[in-house]
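Observations on the three-dimensional arrangement
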Amino acid sequence: MSSTRYARRLLTPRMALQLAAPHTWPAAIMPVMVAVAAAGARTGFIMPRMTAVLLAICILMQAAVNTFNDYFDYVKGSDSADDNVEVDDAVLVYNDVDPRAALALAVGFLVVAFALGTYVIAHAGLAPLAIACVAAVVVVLYSGGRTPISYLPIGEAVSGLVMGGLIPLACYQVLAGELTPLALLWAAPTIIGVGLIMMTNNTCDIEKDVEAGRRTLPALLGRDRARRLYHGLLYAWVLAIVLLVAAWFADGLIVMLFMVLACYPLVMGLRKNPLVPASRVGAMGQICSVNVALGAFYVCAIVM
């Protein structure tokens, strides 16, 4: 698209916040909190200042993902006002803003995240930097490049492993002082939860993605099979939390009873969602709510 089409309207702070998409931040916050709880359970103490820095870094990384995604979808013509998105979720579609401002904002989020990371590196060494570099590369490749990861059937797995897996792994290493594969195992619920956020969006957007040439997992499976897999992953998510708590944090098993009772209506409500374009906005709100609820109970169980 020619730059002459872009009005010279400035990107306001409100638009910047909308591009950062705070409603998706549970995908960054809950993995950090799981790592904080696990490190506290293993070491007997929690580091409030370091926890705050890690949360800020991961939220900035999530904001960068969201902003890059909006920018690349807009310049490629994949987003339009007919895609059942809220105005707050499509800043570049509904506002005459130069998309290059959104690109600069996304890069800015990454720069600030890495600036904060210097404090973490000074405390914990180079291991978290190596993990963060991998995550940053994935953030850019997820939406950019000739064949973005979000256009492939591995999008759900990659987003789950990076945001739901590498974040807890790095945070646990910083807080507990050890790099252990157990931290990745304990992150299995957040890997599933983050992956399901992406799968919710992609299942609702099957028709749009097929038209745009995206070969997402739901687009390849078709809506019926995608929904069956989706429901199976919902149950696996809950089961993984219960099994991990039973195996490593048994004192928190009592919390599992309250988790099942409290989260059953949320999970069943999401299970009944048809995951079609018209229900996309509601489905995204539901999956983020389930991430918060299950993640909070999991953290409480670990802490106990």
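Residues numbered from 1 in each chain as written. Predicted model: local features only at pLDDT ≥ 70, side-chain atom pairs only at ≥ 80, totals over all residues. Heavy atoms only, no water.

Right, let's talk about helix α1 (residues 13-20) for a bit. All buried positions along α1 are accounted for by Met15, Ala16, Gln18, Leu19 and Ala20. At the C-terminal side of α1, alanine 21 shows a positive phi close to 55 degrees. (Buried < 20%, exposed > 50% of the residue type's maximum accessible area, 1.4 Å probe, protein only. Helix = DSSP H or I, 4+ residues; strand = E, 2+ residues; numbered from the N terminus.)

Our next topic: unusual backbone geometry. Excluding glycine, a negative phi dihedral is what most residues carry, and trans is how most peptide bonds are arranged. For alanine 21, which is not glycine, the phi torsion reads 55 degrees and is therefore positive. Summarising the element assignment, alanine 21 is placed in the loop between α1 and α2 (26-43). Unlike most non-glycine residues, leucine 275 shows phi in positive territory, near 55 degrees. Within the secondary structure, leucine 275 sits in the loop between α13 (253-272) and α14 (280-303).

Further remarks concern the packing of helix α12 (residues 223-248) against α14. Interaxial distance between α12 and α14 falls to 9 Å at its minimum, and their mutual angle equals 15 degrees. The angle between α12 and α14 falls in the class roughly parallel. Judged by the sense of rotation from one axis to the other, the crossing of α12 with α14 is right-handed. Along the contact surface, α12 presents Tyr230, Trp237, Val238, Ile241, Leu244 and Val245, while α14 presents Ile287, Val290, Asn291, Leu294, Tyr298 and Ala301. (Axes fitted to C-alpha atoms, helices over the stretch in contact; angles between N-to-C directions. Parallel < 35°, antiparallel > 145°, perpendicular 65-115°, else oblique. Left-handed = near helix turned anticlockwise from the far one by under 90°. Contact = heavy atoms within 4.5 Å.)

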